[in-house]
Amino acid sequence: MADLPVKELALRMISAEVDDLTIRQLAIFLIVATEEGPHRVRVLANRLGLAKPVVSRALDAVIERGWLTKQVDRDDARDRLFTVTRSGSNMLLAMRGWA
């Protein structure tokens, strides 16, 4: 029954109204929320082996949920930095409680 925790997590995500969150969006959210930054599109794309536009779209979806913010990098105005919001921190706490 090794798949029971995954099934339980999926059921809890549905009841928490985050069932439309993709695995990619969830992975990116968890990296930004749990690992020390700075978090940039290119770094996330390299880490996950994805194209930058794919990561950008996933980040935008998580930002729309209010879980992450995007800010201009002071060192390079062409780049953006991503950080977790209070709402995102609260969601992370809720997800940890689901395990």
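Preceding this section is the structure that the text describes.
Quantities reported herein were computed from a predicted structural model and do not represent experimental measurements.

Caption draft 1: View of the overall build of the protein. Scanning the protein from N- to C-terminus turns up 5 helices and 2 strands. The order of α-helices and β-strands along the protein, N terminus first, is α-α-α-α-β-β-α. The 99 residues of the protein split such that 32% are buried. Sequence separation of 24 or more characterises 50% of the internal contacts of the protein that already satisfy a separation of 6 or more. When the accessible surface of the protein is split by element, carbon and sulfur atoms take 53% of a total near 6600 Å².

Caption draft 2: Region of the structure containing the pairing of strand β2 (residues 76-84). Both strand β1 (residues 68-73) and β2 contribute to a ladder of 6 bridges, which runs antiparallel. In the sheet register, K70 faces β2, and the bridge partner there is F82. Taking the residues between adjacent antiparallel strands as the criterion, β1 and β2 are bridged by 2 residues.

Caption draft 3: Inspection of the pattern of salt bridges at higher detail. The full count for this structure, using the stated rule, is 7 salt bridges. The salt bridge involving D20 is made with R65; its shortest N-O contact spans 2.6 Å. With D20 in the loop between α1 (4-15) and α2 (23-34) and R65 in the loop between α4 (52-64) and β1, the pair connects residues that are 45 residues apart, well separated along the chain. R47 serves as the salt-bridge partner of E35, at 2.4 Å between the closest nitrogen and oxygen. Of this pair, E35 sits in the loop between α2 and α3 (41-48) while R47 is found in helix α3, placing the two residues 12 residues apart along the sequence.

Caption draft 4: Structural context of the environment of R24. If you trace the backbone, R24 turns up in helix α2. Taking the relative accessible area as the measure of exposure, R24 reaches 42% and is therefore partly exposed. Each C-alpha atom of the pair R24 and L50 lies 9.9 Å from the other, and the pair is 26 residues apart in sequence. Every residue in contact with R24, bar those within four places of it in the chain, is listed here: L50, V54 and A58.

Caption draft 5: Representation of the packing of aromatic side chains within the structure. In total, this model carries 1 aromatic pair according to the counting rule given. With a centroid separation of 4.9 Å and an interplanar angle of 50°, the aromatic rings of F29 and W67 are classed as tilted. Here W67 lies in the loop between α4 and β1 and F29 lies in helix α2, a separation of 38 residues in the sequence. Take W67: its relative accessible area is 4%, and that puts it in the buried class.

Caption draft 6: Local environment of the side chain of Q25. Looking at the element boundaries, Q25 is found in helix α2. In contact with Q25, other than residues within four places in its own chain, are D20, A58, A61 and V62.

Caption draft 7: Molecular detail of unusual backbone geometry. With an omega of 10°, the peptide bond between G37 and P38 qualifies as cis. Counting through the fold element by element, P38 comes out in the loop between α2 and α3.

Thresholds, definitions, all that
- Residues numbered from 1 in each chain as written.
- Predicted model: local features only at pLDDT ≥ 70, side-chain atom pairs only at ≥ 80, totals over all residues.
- Heavy atoms only, no water.
- Helix = DSSP H or I, 4+ residues; strand = E, 2+ residues; numbered from the N terminus.
- Buried < 20%, exposed > 50% of the residue type's maximum accessible area, 1.4 Å probe, protein only.
- Contact = heavy atoms within 4.5 Å.
- Areas by Shrake-Rupley, 256 points an atom, 1.4 Å probe, with all protein chains shown as cover.
- Pairing = 2+ DSSP bridges.
- Salt bridge = Lys/Arg side-chain N within 4 Å of Asp/Glu carboxyl O.
- Phe/Tyr/Trp six-rings, centres within 6.5 Å; stacked < 30°, edge-to-face > 60°.

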